[in-house]
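Commentary on secondary and tertiary structure
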Amino acid sequence: MTLEIGPWRLESVHGGRFWSDGGAMFGVVPRALWSRRVQPDEKNRIPSRCHCLLAQDGTHTVLIDTGYGPKCSPRMKELFSLEEGNPLLESLSQKGVEPEQITHVVLTHLHFDHAGGGTLRREDGSLVPTFPKARYVVQKAEWQVATSGAPELAGAYPQENLTPLEQHGVLELIDGPLEYLPGLWLFPTGGHTQGHQLVLISSGDQGALYPADICPSSAHLPTMWCMAFDTEVVVTRRVKHHWLTLAAQRGWWVIWDHDPQQAAARIRTDAKSEFVVTEHRSEV
Ligand SMILES: [Zn+2]
């Protein structure tokens, strides 16, 4: 998928397929309802994938989210049927982009399936940033929560994805909404995690919204259909409805981070279903 938004060229980058528990992906929504939209496997898992986003404006080469990366434990690989190798780097390479060319890595939040690909384990066991010349841009609130050591978040934030960023001096913490680069906006949302942010790329009346885990797939368009991982689900519902309404009104593309088929879609409001997809783009 490629979209042109003013000077920005946006391309979907494949950060890896995985299978995730259907109940975890749809929270309080009964299986009887979500399984009509998405067919689960015999382990009650549904297909998912990490769509990262490459945004280039001729000066900056920005990668938004990094997938789960190659460092996950054998147990994680089995549980989620993660892809072997490094799908993110392979996908970038196919687009002619080498890791050294990335100038910024924007992380919407620091869960493993978004931040994991940002670091690599070298053969000597040391951990290094995957994109050595990039600044890694994270909301300060997210970083603080992820590195707090809070026992209730054990497992949510593997520190091996985070410590190398600080150690190598590539981290840039921002605080609040910001036009980070011309036409590339970052908006804190909360909801999914306390410091979760979404990305809006806009130029004139064109726009592309990357809501990340506030609305991870086209199956998550209804306000109440949110992931069980959300730390404050009522915030996700509110924020999601707000941004999807804007996207529908203004004809923005919505880029999904976990949809197994669609990479991006345009939507409209609908009296019965709240939002419906009017057109979509697939991965290639
Ligand atoms: Zn995610």
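Let us look at the structure shown here. (Residues numbered from 1 in each chain as written. Predicted model: local features only at pLDDT ≥ 70, side-chain atom pairs only at ≥ 80, totals over all residues.)

Thoughts on the pairing of strand E3 (residues 45–56)
As defined by bridge partners, strand E2 (residues 8–21) adjoins E3 across 11 bridges and the pair is classed as antiparallel. Bridged to Phe18 within E3 is Ser48. For E3 and strand E4 (residues 61–64), the ladder comprises four bridges, and the chain directions are antiparallel. Looking across to E4, one finds that Gln56 is bridged to Thr61. Counting the residues between successive antiparallel strands, the hairpin from E3 to E4 contains four residues, one of them, Gly58, with a positive phi of roughly 95 degrees. (Pairing = 2+ DSSP bridges. Helix = DSSP H or I, 4+ residues; strand = E, 2+ residues; numbered from the N terminus.)

A look at helix H8 (residues 233–250)
For H8, which comprises 18 residues, the first-to-last C-alpha distance of 26 Å matches the rise-based estimate of 26 Å (1.5 Å per residue) to within 8%. Those residues of H8 not exposed but buried are Thr236, Val239, Lys240, Trp243, Leu244, Ala247 and Ala248. Looking straight down H8, one finds that the buried residues subtend no more than 165 degrees of arc, so they occupy a single side. In H8, those exposed residues whose orientation departs by more than 90 degrees from the buried face are Val234, His242, Gln249 and Arg250. Close packing links the buried residues of H8 with strand E12 (197–203), strand E13 (206–210), strand E14 (253–255), strand E15 (262–270) and strand E16 (274–282). (Expected span 1.5 Å × (residues − 1). Buried ≥ 20, exposed ≤ 12 C-beta atoms within 10 Å, placed from the backbone. Arc of directions from axis to C-beta. Contact = placed C-beta atoms within 7 Å.)

A few points about the environment of Phe131
Here Phe131 is to be found in the loop between strand E7 (127–129) and strand E8 (135–139). On the basis of neighbour counts, which here come to 26 C-beta atoms within 10 Å, the residue Phe131 falls in the buried class. Measuring from C-alpha to C-alpha, the distance between Phe131 and Pro99 comes to 5.0 Å, with 32 residues separating the pair along the chain. Once you skip the residues sitting within four places of it in the chain, Phe131 turns out to touch Leu63, Pro99, Ile102 and Val105.

Notes on the nonpolar core
Leu209, Val254 and Ile255 are the most contacted members of the largest nonpolar core, which totals 67 residues. If one sorts the elements of this core by residue count, H8 sits on top with five residues. Excluding residues that lie within four positions of it along the chain, Ile255 makes contacts with His51, Leu53, Ala208, Leu209, Tyr210, Ala263 and Ala264. Phe26, Ile46, Trp225 and Met227 belong to the second-largest nonpolar core, a separate cluster that totals eight residues. (Core = buried A, V, L, I, M, F, W, Y, C linked by C-beta atoms within 7 Å.)

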